[in-house]
Amino acid sequence: MKRVCHGCILAAQNRGMFECPFCRTPTTQDNTSLLAMAQKRVDKKDPAAILFLGDQYCHGKLGLDRDVQRSIEIFTEAAELGSIEAHVKLGSQYFDGEGVAQDMAKAFKHFQVAAKKGHLGARHNLGLHEGKNGNYKRAVRHWLISA
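In this report, we go over the structure that sits alongside the text. (Residues numbered from 1 in each chain as written. Predicted model: local features only at pLDDT ≥ 70, side-chain atom pairs only at ≥ 80, totals over all residues. Heavy atoms only, no water.)

1. Comments concerning the pattern of salt bridges
- Throughout the structure, instances matching the rule amount to six salt bridges.
- Close ionic contact of Arg41 with Asp46 constitutes a salt bridge, the shortest N to O distance being 3.4 Å.
- Of the charged contacts in the structure, one is a salt bridge between Asp55 and Lys89, with a shortest N-O distance of 3.1 Å. Highlighted residues: Asp55 in helix H3 (residues 47-59) and Lys89 in helix H5 (residues 84-96), separated in sequence by 34 residues. (Salt bridge = Lys/Arg side-chain N within 4 Å of Asp/Glu carboxyl O. Helix = DSSP H or I, 4+ residues; strand = E, 2+ residues; numbered from the N terminus.)

Below, the structure is given as structure tokens:
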């Protein structure tokens, strides 16, 4: 999914442009419309849209019932499609044991995938794990990379 920096969005809004900078679709705050727009992108296998939908289920937003188990399934699909952030969210879910049985091996597997793809928070979490296990040199290496 393409992104626009916050400065460009602000500049467009200052010029009176409040629609999507890419497709010029008017923005909406209506939950039904937001879900329909997201579902359209999910049907096209857009990892960012799939991640967005998973977040909505995880937190019970946009009128959806909170369903952590469903969110994990959706995050898994987004991760399989290459979403780095989905790996981080899955790692956090397995680490906390929220909606799934706590599984540190799976948690750190997801953190490792995300860290290898450049996610700094995941790299930091790996450093915490290594430090907790007494691997201080590896922990420092992870932290230096994430700094």
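2. As for the environment of Gln102
- Inspection of the secondary structure assignment puts Gln102 in the loop between H5 and helix H6 (104-116).
- C-alpha of Gln102 to C-alpha of Glu19: the two residues are 83 residues apart in sequence and 42 Å apart in space.
- Aside from chain neighbours lying at most four places away, what touches Gln102 is Tyr94, Phe95 and Gly97.
- At 2.7 Å, the side chain of Gln102 and the backbone oxygen of Phe95 are in polar contact. (Contact = heavy atoms within 4.5 Å. Polar contact = N/O pair within 3.5 Å; in protein donor to acceptor, adjacent residues only side chain to side chain.)

3. A short note on the nonpolar core
- Counting residues in hydrophobic clusters, the biggest one holds 26 residues, and the most contacted among them are Leu53, Leu90, Phe111 and Ala122.
- Within the residue set of this core, elements represented by two or more residues are H3, helix H4 (68-80), H5, H6 and helix H7 (120-132). (Core = buried A, V, L, I, M, F, W, Y, C linked by side-chain atoms within 4.5 Å. Buried < 20%, exposed > 50% of the residue type's maximum accessible area, 1.4 Å probe, protein only.)

4. Structural notes on H7
- Under the 1.5 Å per step criterion, the end-to-end length of H7 is 18 Å for 13 residues, consistent within 8% with the ideal 18 Å.
- Buried residues in H7 make contact with H5, H6 and helix H8 (136-146).
- Once H7 finishes, Gly134 follows within two positions and takes phi at roughly 90 degrees, a positive value. (Expected span 1.5 Å × (residues − 1).)

5. So, the packing of helix H2 (residues 31-43) against H3
- At a minimum axis distance of 8 Å, the contact between H2 and H3 shows a crossing angle of 135 degrees. If you check the angle between H2 and H3, you find them oblique. In the packing of H2 onto H3, the handedness of the crossing is left-handed. On the side of H2, the interface is formed by Leu35, Ala38, Gln39, Arg41 and Val42, while H3 contributes Ala49, Ile50, Phe52 and Leu53.
- Tallied by class, the residues present in the contact of H2 with H3 amount to seven nonpolar, one polar and one charged. (Axes fitted to C-alpha atoms, helices over the stretch in contact; angles between N-to-C directions. Parallel < 35°, antiparallel > 145°, perpendicular 65-115°, else oblique. Left-handed = near helix turned anticlockwise from the far one by under 90°. Nonpolar A, V, L, I, M, F, W, Y, C, P; charged D, E, K, R; others polar.)

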